[in-house]
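Fold and geometry: a report
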There are 2 protein chains.
Amino acid sequence: MNWKKWVHITKLDPDRQLDRDAIETVATSGTDALMLSGTLDVTPEKLAVLYDCVRDYNLPIVVEPAEPGGARFDGMDLVFVPSVLNASHPRWIVGQHQRWIRDYPIDWSRVVPEAYIVLNPASSVARVTGSDCTLQPADVAAYASVAERYFRFPVVYIEYSGTYGDPAVVQAVSEVVSDARLFYGGGINSAERAAEMSGYADTIIVGNAVYEAGIEALTATVRAVR
Amino acid sequence: MNWKKWVHITKLDPDRQLDRDAIETVATSGTDALMLSGTLDVTPEKLAVLYDCVRDYNLPIVVEPAEPGGARFDGMDLVFVPSVLNASHPRWIVGQHQRWIRDYPIDWSRVVPEAYIVLNPASSVARVTGSDCTLQPADVAAYASVAERYFRFPVVYIEYSGTYGDPAVVQAVSEVVSDARLFYGGGINSAERAAEMSGYADTIIVGNAVYEAGIEALTATVRAVR
């Protein structure tokens, strides 16, 4: 599965509802993959329900657990596992991962490590992880370099979950990252925003737009990056 | 410089004194490399003094800064940069590295990232970093796996600085690490200890023995791993 060619990922939250028509529209929109992910209240049962709704569309389906211990490999093509580099406590960087590896069998061939840099202080992920969201573009670029050059992450993920980010930050990161794929997520709900961020990021992730801006907005973001 | 073939490294502390005869003995002992490293009170001036004493022996000389910001590339063959995975604060895992990359030019071709797991609670490095030294062998092995498989560190370093470690811990780590080089350091002051730990570790690091057990002890540890 060559996920490094994906330019558009749609993130679906197992804790939110989509009707069958909306799921059909998402799955046939031209998005490269569906990522099942959410910070709050994602249970294995909700994940299984969502998986059953999307499994028959012949699209790659990946899961991104809020905590590594929540990773499920059954049926998933890949498991994207975040480490929040600007978190305030080691548990979000390495601690949960250590316990995951200690307590569960891991199929490493399906694990994609992600270096998250979380930048919207109002987001659930920022609050839960205590992320330092006061970073300037040069600070974020330095985190991206440490991710790519020191830790050798294959993905650097600039996460503005819930709001549209600063293009100057994503640009600064794009100038230092070369081998890793640069993912951008947050506030992409129009063709214009999709085009702007995909000018810097290798891959954009569209999530809330599916639920909030209307399903046509998702289709517009796909067209904008093709 | 193929550091992956080194089986014996001698660690010298810029804050401690060695006379010229002792340095001569170290440098001609058969050790594979000299690592200039120390946790406390290492100044650039002290590092430069030690470097001048050892530079003419045609041995690889590497530096391992206590903080990445202290890294000096001048004259050094390689710079080994630790991340303390079981530290209590992110600064020892990723924070100082981020500031180092932000504030200094880095010659990545000479940087070797090291995943430290610090296990002697009485050591300076454990106290400074607030490392969790209560880990059981399975816990340490899980940190080693996360280092190798998730973060892709080329070195996993089991650090018992100042005391001889538990061979069962090093054995447990050796059973899960394959691509990374397994370094062991702490309390190796005899041929027997060198032989025991090198039964599990790829590379042993001998430090305090140089200063405390007498210089002949160092030579014995070299012979034990050849």
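Since we're looking at a predicted model, the values are computed, not measured.

Cut-offs used in this document
Residues numbered from 1 in each chain as written. Chains lettered and ligands numbered in written order. Predicted model: local features only at pLDDT ≥ 70, side-chain atom pairs only at ≥ 80, totals over all residues. Heavy atoms only, no water. Helix = DSSP H or I, 4+ residues; strand = E, 2+ residues; numbered from the N terminus. Rg over C-alpha atoms; globule rule 2.2 N^0.38 Å. Contact = heavy atoms within 4.5 Å. Areas by Shrake-Rupley, 256 points an atom, 1.4 Å probe, with all protein chains shown as cover. Lys, Arg positive; Asp, Glu negative; His and termini not counted. Charge placed at Lys NZ, Arg CZ, Asp CG, Glu CD. Buried area = accessible area lost by both parts, 1.4 Å probe. Salt bridge = Lys/Arg side-chain N within 4 Å of Asp/Glu carboxyl O. Buried < 20%, exposed > 50% of the residue type's maximum accessible area, 1.4 Å probe, protein only. UniProt positions renumbered as here; feature names shortened; annotations may be inferred.

The next thing to look at is the overall build of chain A. The secondary structure content of chain A amounts to nine helices and eight strands. For a compact globule of 226 residues, the expected C-alpha radius of gyration is about 17 Å, and chain A comes in at 16 Å, within 12% of that figure. Overall size of chain A, expressed as C-alpha extent along the three principal axes, is 45 × 40 × 30 Å. Here the contacts in chain A between residues at least 6 apart in sequence split such that 71% fall between residues at least 24 apart. Surface exposure of chain A reaches about 9100 Å², of which carbon and sulfur atoms provide 44%. Where the 19 positive side-chain charges of chain A centre and where its 29 negative ones centre are 4 Å apart.

What follows deals with the interface of chain B and chain A. Contacts between the two partners involve 29 residues from chain B, matched on the other side by 29 residues from chain A. For the pairing of chain B and chain A, the buried interface totals around 2700 Å² over both sides, and the portion due to carbon and sulfur atoms is 71%. Between Arg102 of chain A and Asp139 of chain B there is a salt bridge; the shortest N-O distance is 2.8 Å. Of all elements in the fold, only β4 (78-84), α3 (95-103), β5 (111-118) and α5 (137-150) of chain B reach the threshold of two or more residues within the side of chain B that touches chain A.

Bringing helix α3 (residues 95-103) of chain A into the picture now. For α3 of chain A, the set of buried residues is Gly95, Gln96, His97, Gln98, Trp100 and Ile101 of chain A. On the buried face of α3 of chain A, the contacting elements are β4 (78-84) and β5 (111-118) of chain A together with α5 of chain B.

Moving on, we get to the UniProt feature "binding site: sn-glycerol 1-phosphate" (unreviewed entry) in chain A. Residue and element names in this part refer to chain A. Within this structure's numbering, the places UniProt gives as "binding site: sn-glycerol 1-phosphate" (unreviewed entry) are Lys11, Tyr157, Ile158, Glu159, Tyr160, Ser161, Gly162, Gly187, Gly207 and Asn208. As for its position among the elements, Tyr160 is in the loop between β6 (155-159) and α6 (167-174). The class for Tyr160 is buried, based on a relative accessible area of 8%. When sequence neighbours within four positions are dropped, the list of residues in contact with Tyr160 reads Leu119, Asn120, Gly165, Asp166, Val169, Tyr184, Gly185 and Gly186. Tracing the chain through its elements places Ser161 in the loop between β6 and α6. According to the relative accessible area criterion, Ser161 is partly exposed, its value standing at 28%. The contact partners of Ser161, leaving out residues within four places of it in the chain, are Asn120, Ser123, Val125, Gly185 and Gly186.

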